[in-house]
Amino acid sequence: PSLRPAPGDLTARMEQLIDHIAPSPASNGCRAAIFVFIRALVASTFPEADVDACLFGSVPLRTYLPDGDIDVALVQRGGGPPLGPTWADRLEAALLAAGRDPAAPFPVRHVSLVQAEVRLLKCVVGDAVVDISFSTLGGLRAVAFLEAVARAVGKGSLFKRGVLAVKAWAGYEGRLLGAHAGLLSTYGVEALVLRLLVGGARVPVPGSALPAPPPPA
């Protein structure tokens, strides 16, 4: 007899897995509190400029894994002098000062400035990795687009749960997730799942977004 689980059992197990790794109210609340802290720190660091902090990536979409990071974009709305390239140095100094402040609401550790095509500030706030960039408008537009996609697809958050299923497999099993290491980015996963949904494939449940297992020998 075959030792492979029946399709219905496999679907039920996949749904249980997604429920287990999906963002919980507690994790959403923790990330929201960290973002409020970062946003207040940004406002106090640039009082002369009309700068705001915005979430993008997996956190506002609620498709982050338990160890997922928080992506924050700084956006200057037009008021005040332009920030220029010194924004990262000023905010880095503010984060380091917060890390030395025993009264800060969260411990701030491992602050580093990544000198890349898009300058990136990385730090750990509480237990979450936070990536801060400036004027990352493409990421903000992607969030709006993917949220609209999720609403259009419907079916019990099929798109978002499919993204979670593929991210979990790619990150924990396939070791294929991680744009910083030249591997598959989160946006790449979202594009793959979207292609399945609009390409005529039958995806009734989130597990259908994963590749089919090979037939038994």
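None of these values were measured; they are calculated from a predicted model.

**Q** It is not clear to me how the side chain of arginine 161 should be interpreted in this structure. Could you clarify?
**A** Positionally, arginine 161 belongs in helix α6 (residues 158–173). Given a relative accessible area of 17%, arginine 161 falls into the buried group. Among the polar contacts made by the side chain of arginine 161, one reaches the side chain of aspartate 19 at a distance of 3.0 Å.

**Q** How should I be thinking about a nonpolar patch on the surface in this particular structure?
**A** Where nonpolar side chains cluster on the molecular surface, the patch consists of Trp169, Leu176, Leu183, Leu184 and Leu192 and spans about 410 Å² of accessible area. If you trace the backbone, leucine 184 turns up in the loop between α6 and α7 (186–198).

**Q** What am I meant to see in the pattern of salt bridges here?
**A** Side chains that carry opposite charge are capable of pairing whenever their charged atoms lie near each other. Counted under the stated rule, the structure contains eight salt bridges. Ionic pairing is found between lysine 160 and glutamate 147, a salt bridge with its closest N-O pair at 3.1 Å. Placement of the pair is lysine 160 in helix α6 and glutamate 147 in helix α5 (residues 137–153), with a sequence separation of 13 residues. In this structure, a network of salt bridges that share partners links the residues Glu15, Asp19 and Arg161.

**Q** Would you mind going over the pairing of strand β3 (residues 108–114) with me for this structure?
**A** Regular strands place side chains that alternate from one sheet face to the opposite one. One ladder, built from five bridges, connects β3 with strand β4 (residues 120–125); its direction is antiparallel. Counterpart to leucine 113 in the pairing with β4 is leucine 121. Taking the residues that link successive antiparallel strands as the turn, the β3-β4 hairpin has five residues.

**Q** How should I be thinking about the packing of α5 against α6 in this particular structure?
**A** Helix packing geometry: the angle between the two helix axes and the distance between the axes. Interaxial distance between α5 and α6 falls to 7 Å at its minimum, and their mutual angle equals 115°. Judged by residue contacts, Leu146, Glu147, Val149, Ala150 and Val153 of α5 engage Leu158, Phe159 and Lys160 from α6. For the contact of α5 with α6, a count of residues per class yields six nonpolar, no polar and two charged.

**Q** What should I look at first to understand the environment of glycine 126 in this one?
**A** As for its position among the elements, glycine 126 is in the loop between β4 and β5 (128–134). Accessibility expressed as a relative area gives 10% for glycine 126, which makes it buried. On a C-alpha basis, the gap between glycine 126 and phenylalanine 106 in space is 5.2 Å, while along the polypeptide they are 20 residues apart. When near neighbours in sequence (up to four residues on either side) are disregarded, glycine 126 contacts Phe106, Pro107 and Arg109.

**Q** Quick question: what am I supposed to make of the environment of leucine 95 here?
**A** If you trace the backbone, leucine 95 turns up in helix α4 (residues 87–100). Taking C-alpha positions, leucine 95 is 6.9 Å from valine 108, a pair spaced 13 residues apart along the chain. With sequence-adjacent residues up to four places away left out, leucine 95 is seen in contact with Ile38, Leu41, Val108, Val111, Leu121, Cys123 and Ile132.

**Q** I keep staring at the sheet that holds strand β2 (residues 70–76) and nothing clicks. Help me out?
**A** Strands belonging to one sheet form pairs held by backbone hydrogen bonds; the direction of such a pair is parallel or antiparallel. Spatial strand order, β1-β2-β5-β4-β3: five strands in an open sheet with mixed pairing. Each edge of the sheet is formed by a strand with only one pairing partner; in this case those strands are β1 (51–56) and β3. With strand direction ignored, the average angle separating the axes of adjacent strands in the sheet is 25°. One ladder, built from five bridges, connects β4 with β5; its direction is antiparallel. Within β5, the position partnered with valine 125 by the bridge is alanine 128. Together, β1, β2, β3, β4 and β5 form the strand contacts of helix α2 (residues 25–45), whose direction differs from that of β1 by roughly 155°. Its contacts with the sheet place α4 against β2, β3, β4 and β5, and it is angled at close to 165° to β3.

**Q** Where do I start with the packing of aromatic side chains in this structure?
**A** Across all of its chains, the model carries two aromatic pairs by this definition. Note on phenylalanine 37 and phenylalanine 106: the rings are 6.0 Å apart at their centroids and 55° apart in plane angle, and the pair reads as tilted. A residue pair is termed long-range when its members are at least 10 positions apart, and phenylalanine 37 in helix α2 and phenylalanine 106 in the loop between α4 and β3 qualify at 69 residues. Accessibility expressed as a relative area gives 19% for phenylalanine 106, which makes it buried.

**Q** How should α7 be read in this particular structure?
**A** An α-helical turn contains 3.6 residues, so any two residues separated by three or four positions project in the same direction. With 13 residues, α7 ought to run about 18 Å at 1.5 Å a step, and its terminal C-alpha atoms sit 18 Å apart, in line with that. Considered for burial, the residues of α7 that qualify are Gly188, Val189, Glu190, Val193 and Leu194. Those residues of α7 hidden inside the fold are in contact with α3 (58–61), α5 and α6.

Thresholds applied
- Residues numbered from 1 in each chain as written.
- Predicted model: local features only at pLDDT ≥ 70, side-chain atom pairs only at ≥ 80, totals over all residues.
- Heavy atoms only, no water.
- Helix = DSSP H or I, 4+ residues; strand = E, 2+ residues; numbered from the N terminus.
- Buried < 20%, exposed > 50% of the residue type's maximum accessible area, 1.4 Å probe, protein only.
- Polar contact = N/O pair within 3.5 Å; in protein donor to acceptor, adjacent residues only side chain to side chain.
- Patch = residues over 30% accessible without salt bridge, like charges linked within 9 Å, V, L, I, M, F, W, Y side chains within 5 Å.
- Areas by Shrake-Rupley, 256 points an atom, 1.4 Å probe, with all protein chains shown as cover.
- Salt bridge = Lys/Arg side-chain N within 4 Å of Asp/Glu carboxyl O.
- Pairing = 2+ DSSP bridges.
- Axes fitted to C-alpha atoms, helices over the stretch in contact; angles between N-to-C directions.
- Contact = heavy atoms within 4.5 Å.
- Nonpolar A, V, L, I, M, F, W, Y, C, P; charged D, E, K, R; others polar.
- Phe/Tyr/Trp six-rings, centres within 6.5 Å; stacked < 30°, edge-to-face > 60°.
- Expected span 1.5 Å × (residues − 1).

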